[in-house]
Each structure stands twice: as structure tokens, then as C-alpha cells.
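Architecture and fold: a report
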Amino acid sequence: MPLRAILTRRDLALDTLVPASPDAGVRWATVSELVDPTPYLLGGELLLTAGTNLPEDPDTLDRYVSTLLAAEVTALGFGVTPVYDAVPAALVERCRVHGLPLLLVPRETPFVAVSQAVGEELEHRRLADQRRFVSAGRALTRAAVGNTPVQGVLETLSSVLGCWTTLIGARPLGRAGRVPTLSAETGELVGKVGAAGGPLSAKIQVSPDRVVLHAVGEHTRERSVLLLGRPEPLDATDRAILGTAVALLGLLSRSQSAVVDDAGRLAARLLLSGSEPDTASFPPLRALLSGGDRTDVFRVLHARWTGRGARPTASPTLFRTRLVDDTGTSVRAVLADQGSREEHLALLDELRASGWLAAVSGPVSGTGLATADRQAAALLVRAHATDRPLLPDEAPDPFDTLFEREAARTAARTLLGPLAGPGETARTLRATLRAWLARHGSWDRAAADLGAHRNSVRYRIGRIERDLGVDLSDPEQRMRLWFALSRFDEDAP
């Protein structure tokens, strides 16, 4: 934080005897009466002393001041009580000679008040930086789901950080602000950062700007390079904002190999990531949806290709939304709720006729999309078992009236025992059990759903029986475990 923020506090009434540079910053305020406190300092401190052990010998006093300066102490605050009634003239003269800022702390200002003021200012600035980071993240996310997402992210980053930006791949992909002509040296650095396995970032001085280069894309492949420049260096919050922009541009670059600006896929991934979405992003997201009178109500669709021949790319036209995340093995999409069960059944039938088996969640608000995502995934398992598309039942589940939500979750974790763990093994066993139960114990059909060998399914089911101490030939045990799986919260810690 700037030292001037403390100097301007009227409640402290500090007096400047040897001025500091306008950009002098303070890391913390600390008190020390040691002749040599530097072993206990990190640099950037406002060091407070009452002069209890202040050297009187001129050479020793000179060494005291020069040592503090070498330790990068920002300023020395001298309290005029109880040892001295005034700041010693020799100390003022030595601080002026060496250029160490010197402050007079008046008798009525306790050192603890100075330390507390520094802490308050640091916390105030931390919260301000946090708000700036959150606001910038929201603005970048809104830009990333616009009609020109790459250009939108570059323009937003330029505005937020007060810099020029440009993204360079095999060709220029976008720019914002007054981008200067890049020197040959900068061009060579772009090539190094963009090369597969190259450095993640680099810096170069292109007067009057400090230029930062950052790779965008996968480390093992040739990457695009984001450049930004401004005269001032980036602080910690600026670097965090830059990291968000790089992550968004990376998602955009991976969304399709041939098209960088696939806003729909990126938006779908952000919405279904499990974190609570920013409600300010809902209005621009509606432009990516098709139809739906209740534009504040959404559904999530999961689908798998079951048709003949090579699997096609999921078409936004067929799925009636641009918010389609096609991973290559499965598809999930965010839909506008049509307000009619028949409309969604018609979509499912249309997809079925085109070779896609799908399931659609119930209606949710924007903040419930992660829950709808899990519901659609569970419904798709059942859809495979019954070989027909599914919507959730409109009638309330009688079990939901018997158990509170948290009570049901607790019971599910108890029934699943070691299968409720967060590890990869536990997740694999849960998925296997779900598929096997949904397929009514068919090894072959469960193996096909899981993409595993039937012997692997047999081994996993045997392990589940041993770990849980159950006999899955018992229909009651199968019922209890299906209940647990259907109410288990995969995202719970």
C-alpha cells in the first residue's frame, strides 16, 4: 500500500521530516528498539522506534541508518516519547543524507494506532482488489459468451487493465487498444512462448511499455500467444485478472479445432461447471437459446449417439440451442424451458429419430443448472436401460416426502460406505454399480454403457459386494443401493 495513505490520516497526525518518493509502498508496520533490527525484517516496513537504543556515536548512527536503507525499510517512524522530547537532529541529518524517509510520531499517537491504521488500509485495499477481480471476471465471462467472444475478451481485458492487447496464432486473432509495431525481438519471443513445450510466459520492455506475453492453449501443442502492454507493471490483482482471461481464451481455443469463437460450448461448460453462475450473465445467454417463453427457466439435456454409422457432431440446430457441449463421447446442453412437457418430448423424439438417445432434466432457475446437470445424467443412465428417451416424472417422488434432503443424503453416504469417497476408484465403482443396476444385472449391456470389458464389470461388482458386505442377488439390497445412488450428492465434499 502507498505510504502516503498513512501520511494523510488525520487521526495519526504524522509529520514528515525526510520525505519519501511518491510511489513508496508499505508492507507492514512494526516496532523495534534493537540496534540492528534488520534480521527480523522482510523489507517494505514502516519501522517504529522510540530511540531507546539509538546510537549516539556519529559513525554508529550513520551505520544504523544505512543498514535500515540496505534492508529496504520504507520509512522510519520516530516517537518523541518517553525517551526523547524531539527527534535528534543527528538522526534527521543522517536520514536526509542517505535518503531514508523519516516521520515524527507525536506524543499523543501510540505506535499501536499506527500499526492498526496500516492493517486497516491493507485490508481495505485487499477487499477493493477482491471486488475488482470479481467484477473483472464477470465482465470477461460476459464477453466470452458474446457474438465475438475472442475480440470481446481482448477488449474487456484492455479496458480493465488499461493496456493494449493482441492475440497472435498462426494469424492475428484479435487486438484492442493502440497496439504498437512489434519488434523482431518481440516476434522471436512470441515464437518461443507459442511453441509446444515452450515457456508459459515472458516479459520484454518495448519503450514506453512493459509487455507481458502469455501462452494460450495446451502445453504440448503449438499455442496462441496473448500480448499486453502498458507503462506500469502488473500487480497481483492484475495478474489474477490476466489469468482469468487466459483461461477463457484457452477454453475458446479448445472448443473447436477449426473455429476459435465457439461461444456456445464455452458458455455451456461455464454454466454446468458446478459453481454458481453470475446472474448478470443470464440476459446475454438467452440470446444463445432457441424459443421458450419463460426465459428465466432452463433445462439440461444429456445425450449419446446410438445411431448407425459414424457419430456426427452435435448440431445446435437439432438440439435447439447454441449452448451445446459436445465432448466427442457424449453431449450435454442447456435449453430454454418450453413450459410444456409435450414440447420437450417432441424434441427427445426428434433426437431419437436422428440417432441420439437423450434425457432432459426438470425445469430450474439459472442457479440450479448444476443440479439439473446431475439429474439429466442420472436420467440418461435409465434411458439406456429402458432404451427410450426420458423426462423426469411430474408426480412427486413419495420418498422425497418421507426423507428430508439432508437426511436422504446422509443415508445415501452411510449405505454406500467406502463407495461414497471422493477418489477416482470410488467414482468408478459408483458408476459401475449404477450402470449394472440400471441394466438389471446384465454384464454385457452394463459393460457397453461403461465402455469397459464385461470381466471388468464382474470384478467391480464383486469388489462392491465385498467392500459393502452385501449380496447383490438380493433384490432388497439392490433397491437400497439404487436409493443411495439416486440421492448421493456427487459434488459434496
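Before reading further, recall that the structure is shown in the block above.
Throughout what follows, the structure given in this document is the object of discussion. (Residues numbered from 1 in each chain as written. Predicted model: local features only at pLDDT ≥ 70, side-chain atom pairs only at ≥ 80, totals over all residues. Heavy atoms only, no water.)

The next point concerns the sheet that holds strand β3 (residues 45-49). Read across the sheet, 5 strands follow the order β1-β5-β4-β3-β2 without closing on themselves; strand pairing throughout is mixed. Two strands in the sheet have a free side with no partner beyond their single neighbour: β1 (15-18) and β2 (28-31). Going across the sheet, the axis of each strand differs from the next one's by a mean of 25°, ignoring polarity. Relative to strand β4 (residues 75-79), β3 runs parallel, the two being bridged by 4 bridges. The residue bridging L46 from the neighbouring strand is A75, located in β4. Of the strands in this sheet, β1, β4 and β5 (102-105) touch helix α3 (residues 89-98), which is tilted by about 65° from β1. (Pairing = 2+ DSSP bridges. Helix = DSSP H or I, 4+ residues; strand = E, 2+ residues; numbered from the N terminus. Axes fitted to C-alpha atoms, helices over the stretch in contact; angles between N-to-C directions. Contact = heavy atoms within 4.5 Å.)

Next up on the list: the sheet that holds strand β13 (residues 331-336). Pairing within the open sheet is antiparallel, and its 4 strands lie in the order β12-β13-β11-β14. The sheet is open, and its two edges are formed by β12 (324-326) and β14 (356-360), each paired on a single side. The average undirected angle you get between the axes of adjacent strands in this sheet is 20°. In this structure, strand β11 (residues 298-305) lies alongside β13, joined through 6 bridges in antiparallel fashion. Each residue of the ladder has a partner; that of H302, found in β13, is R332.

Attention now moves to the packing of aromatic side chains. Applying the stated criterion to the full structure yields 4 aromatic pairs. Residues W305 and W356 carry aromatic rings whose centres are separated by 5.4 Å and whose planes lie at 70° to one another, so their mutual orientation is edge-to-face. With a gap of 51 residues between them, W305 in strand β11 and W356 in strand β14 connect regions that are remote in the sequence. A relative accessible area of 2% means that W356 is categorised as buried. Note on W436 and W443: the rings are 5.6 Å apart at their centroids and 40° apart in plane angle, and the pair reads as tilted. Exposure remark for W436: the relative accessible area of 8% places this residue in the buried category. Three or more aromatic residues joined by ring pairs make a cluster, and in this case those are W305, F319 and W356. (Phe/Tyr/Trp six-rings, centres within 6.5 Å; stacked < 30°, edge-to-face > 60°. Buried < 20%, exposed > 50% of the residue type's maximum accessible area, 1.4 Å probe, protein only.)

What follows is about the nonpolar core. Ranked by internal contacts, the top residues of the largest apolar core, which has 26 residues, are L157, L226, L228, L242 and L249. Breaking this core down by element, the ones donating at least two residues are α4 (111-144), α5 (149-161), β9 (209-216), β10 (224-230) and α7 (236-255). Element by element, the count of residues in this core is highest for α7, at 8 residues. The residues contacting L249, other than those within four sequence positions of it, are V150, V153, L154, L167, V216 and L226. With 21 residues, the next largest nonpolar core counts L416, L433, A447 and L472 among its residues. (Core = buried A, V, L, I, M, F, W, Y, C linked by side-chain atoms within 4.5 Å.)

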